[in-house]
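Read off the chains here:
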Amino acid sequence: MTDASKPWHDAFPAPRTTAPVMTREEALQTLNSDHLLLVDVRRTDFEGGTIKGSLNLPAHSFYLNRAVLFNLCKRAGVKKVAFYCDYIAESGDNQIQSLTLEGGIKGWVKAGELYTQQMDGYEAEYWKQFE
């Protein structure tokens, strides 16, 4: 396999931990909390919409920006970051919890109108391809 045909994530170290799962229900209940940050790790396209209040940090750029995001969360008092990140665990910090959103954005949309109402730019037609 040539370098050009390798997946983008091969350029970075493999994760050493697995983040616990945050349920959609818990995320929905705490969506407006100052203590929760949702990170959309899709590319910058936001195709089909994104969860209200989430930050887009594409997965391919995450490794290089993880320390900056960690410091921003510390300063802002964020207690939970829902996405995947082993940087928090490696830092030894026990005040910020890194989580994976159950089912990701596709699971959020499949959970129905209660969830899609909490999206900016929601396009129902786009999500039909994943049914």
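Look above for the structure.
It should be emphasised that the depicted structure is a prediction, and the values quoted were computed from it without experimental measurement.

> For this particular structure, what's the right way to read the sheet that holds strand β6 (residues 97–101)?
The pairing of strands in a sheet comes from backbone hydrogen bonds and takes either a parallel or an antiparallel form. One open sheet holds the five strands; their spatial order is β1-β6-β5-β2-β4, and the pairing between them is parallel. Pairing within the sheet leaves two strands with one partner each, and these edge strands are β1 (21–22) and β4 (55–56). Here two bridges tie strand β2 (residues 36–40) to β4, and the two strands are oriented parallel to one another. Within the sheet, the bridge partner assigned to D40 lies in β4 and is N56.

> Could you clarify how one ought to interpret the packing of aromatic side chains in this entry?
The relation between two aromatic rings is expressed through the spacing of the ring centres and the mutual angle of the planes. Scanning all chains against the criterion turns up five aromatic pairs. Here the aromatic rings of F12 and Y63 are separated by 5.3 Å at their centres, their planes lie at 40°, and the arrangement is tilted. Residue F12 is found in the segment before β1, and its partner Y63 is found in helix α2 (residues 59–76); the two are separated by 51 residues along the sequence. What makes F12 partly exposed here is its relative accessible area of 22%. For the pair W108 and Y115, a centre-to-centre distance of 4.9 Å together with 85° between the ring planes defines the contact as edge-to-face. For Y115, a relative accessible area of 6% translates into the label buried. Across the ring face of Y63, the terminal group of R66 is positioned such that the distance to the ring centre comes to 3.8 Å.

What counts and what doesn't
Residues numbered from 1 in each chain as written. Predicted model: local features only at pLDDT ≥ 70, side-chain atom pairs only at ≥ 80, totals over all residues. Heavy atoms only, no water. Pairing = 2+ DSSP bridges. Helix = DSSP H or I, 4+ residues; strand = E, 2+ residues; numbered from the N terminus. Phe/Tyr/Trp six-rings, centres within 6.5 Å; stacked < 30°, edge-to-face > 60°. Buried < 20%, exposed > 50% of the residue type's maximum accessible area, 1.4 Å probe, protein only. Lys NZ or Arg CZ within 6 Å of the ring centre and 35° of its normal.

By themselves, these figures tell us nothing about what the structure is for.
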